[in-house]
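Spelled out from the first residue to the last, the chains are:
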Amino acid sequence: MNQIISTNELFEGNKSLFQDIEELIKSKNFPCLFALNSFHKNHMYFYDTREITGSYYEEIYNNLLNFWANFINPNGKTFYTIILILNPISKTSHDTIKNFVFSFLINLKRQDIASPNLTIDDILNSDFEFRLSNTTWFPVFLCSNHPTLLRNSPITLIAIQPKITFDNLKKQPNEFYEKVRQATHRRINNIYKNNKPFYLSDKSSGINAIQYIGFDPNHIETDH
């Protein structure tokens, strides 16, 4: 599967991987209703980076641009997501995850000819957004034995959405985006019994890097 495929195509071509994704999406500890909607409406796409034989980051970069050009409806009421399937990481400590994800983003950014430079300090800035080819993307890392309960997954992956997806959903009538967001937060509150971890609290800095890795790198804690 060295190409982007849809949920339906994943079901037909790799039922084992489909079942792993389905297990994740239907887990009682998986709160994102946008992702659930994306999965069931066949708006979730998959790219198995484990099968890349050429230049690893170049291939991923080109396929993200391909996803943007060929799969995104700029005005749609949909939550388009591409799931990058990754090889498992050897350890799942906070530091290991932070270093892995930040290194992944830095190496991916190096493929961007117009603006190839990115550092860890950049990622930790309060106003940082991850951009490739003039498009802002929002990556979310999950793996087995992730120290954050909400980020546990049967497989290692990065779910990544173009920011325009969120922007378009916010423009939909009847407060669609806000209603789904609030419902997702109610699910999170139920999972944690209203005792959310620091990175989800008002005390957290709220930088985008926290959502990328699933915890606040400046306030490490284990929530399960």
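As a reminder, the structure under discussion sits directly above these lines.
To keep things clear, this report deals only with the structure shown in the data block. Since the structure is predicted, the reported quantities are computational estimates derived from the model, not experimental observations. (Residues numbered from 1 in each chain as written. Predicted model: local features only at pLDDT ≥ 70, side-chain atom pairs only at ≥ 80, totals over all residues. Heavy atoms only, no water.)

With that settled, the discussion passes to the overall build of the protein chain. From N to C terminus, the protein chain includes 9 helices and 6 strands. At 17 Å, the protein chain has a C-alpha radius of gyration in line with the 17 Å of a compact globule built from 224 residues. Judged by the C-alpha coordinates and their principal axes, the protein chain covers about 45 × 40 × 35 Å. The burial tally for the protein chain puts 48% of its 224 residues in the buried class. (Helix = DSSP H or I, 4+ residues; strand = E, 2+ residues; numbered from the N terminus. Rg over C-alpha atoms; globule rule 2.2 N^0.38 Å. Buried < 20%, exposed > 50% of the residue type's maximum accessible area, 1.4 Å probe, protein only.)

Core analysis: the biggest nonpolar cluster contains 44 residues, and Leu64, Leu84, Ile123, Phe130 and Tyr212 have the highest contact counts within it. By residue number, the principal contributor to this core is helix α5 (residues 94-109), which donates 7 residues. In this structure, Leu64 is in contact with Ile82, Leu84, Leu108, Leu132, Trp137 and Ile160, ignoring residues within four places of it in sequence. Grouped together as the second largest cluster of nonpolar side chains are 19 residues, Ile21, Phe30, Val140 and Ala159 included. (Core = buried A, V, L, I, M, F, W, Y, C linked by side-chain atoms within 4.5 Å. Contact = heavy atoms within 4.5 Å.)

With that settled, consider the pattern of salt bridges. Taken as a whole and judged by the stated rule, the model has 5 salt bridges. One salt bridge in this structure joins Lys26 and Glu22, with 3.2 Å as the shortest N-O distance. Of the residues examined, Glu22 reaches a relative accessible area of 25% and is grouped as partly exposed. Of the charged contacts, one joins Asp48 and Arg50 as a salt bridge, the two residues approaching to 2.8 Å between their closest N and O atoms. The exposure class assigned to Asp48 is buried, which follows from its relative accessible area of 2%. (Salt bridge = Lys/Arg side-chain N within 4 Å of Asp/Glu carboxyl O.)

Next up on the list: helix α4 (residues 56-71). Across its 16 residues, α4 extends 22 Å between first and last C-alpha, which sits within 8% of the 22 Å expected from 1.5 Å per residue. Along α4, the residues classified as buried are Ile60, Tyr61, Asn63, Leu64 and Phe67. Viewed along the axis of α4, the buried residues span an arc of 170°, placing them on a single side of the element. Of the residues in α4, the exposed ones pointing more than 90 degrees away from the buried face are Ala69 and Asn70. Tucked into the core, α4 has its buried residues touching β2 (44-48), β3 (81-85), α5, β4 (130-132), β5 (135-142) and β6 (157-162). (Expected span 1.5 Å × (residues − 1). Arc of directions from axis to C-beta.)

Before going further, it helps to spend a moment on the pairing of β3. By the criterion of burial, β3 is predominantly enclosed, with 5 of the 5 residues buried. Here β3 shows no split at all, with Thr81, Ile83 and Ile85 on one side and Ile82 and Leu84 on the other all buried. As defined by bridge partners, β2 adjoins β3 across 5 bridges and the pair is classed as parallel. Pairing of Phe46 across the sheet is with Ile83, part of β3. The sheet contact formed by β3 and β6 spans 4 bridges and is antiparallel. (Pairing = 2+ DSSP bridges.)

Where α4 contacts α5, the axes come no closer than 9 Å and their chain directions differ by 75°. When the axes of α4 and α5 are compared, the pair comes out roughly perpendicular. Together, Tyr56, Tyr57, Ile60, Tyr61 and Leu64 of α4 and Phe104, Asn107 and Leu108 of α5 make up the contact between the two elements. Looking at the contact of α4 with α5, its residues break down into 7 nonpolar, 1 polar and no charged. (Axes fitted to C-alpha atoms, helices over the stretch in contact; angles between N-to-C directions. Parallel < 35°, antiparallel > 145°, perpendicular 65-115°, else oblique. Nonpolar A, V, L, I, M, F, W, Y, C, P; charged D, E, K, R; others polar.)

Considering the arrangement of structural elements, one finds Phe198 in the loop between α8 (176-192) and α9 (208-213). It is 22 Å that separates the C-alpha atoms of Phe198 and Ser27, two residues lying 171 residues apart in sequence. Not counting residues up to four positions away in its chain, the partners in contact with Phe198 are Lys203, Ser204, Asp216, His219 and Glu221.

In this fold, Thr165 is placed in helix α7 (residues 163-170). Under the relative-accessibility criterion, Thr165 is labelled buried at 4%. Once residues within four sequence positions are removed from consideration, Thr165 is found in contact with Thr78, Phe79 and Tyr80.

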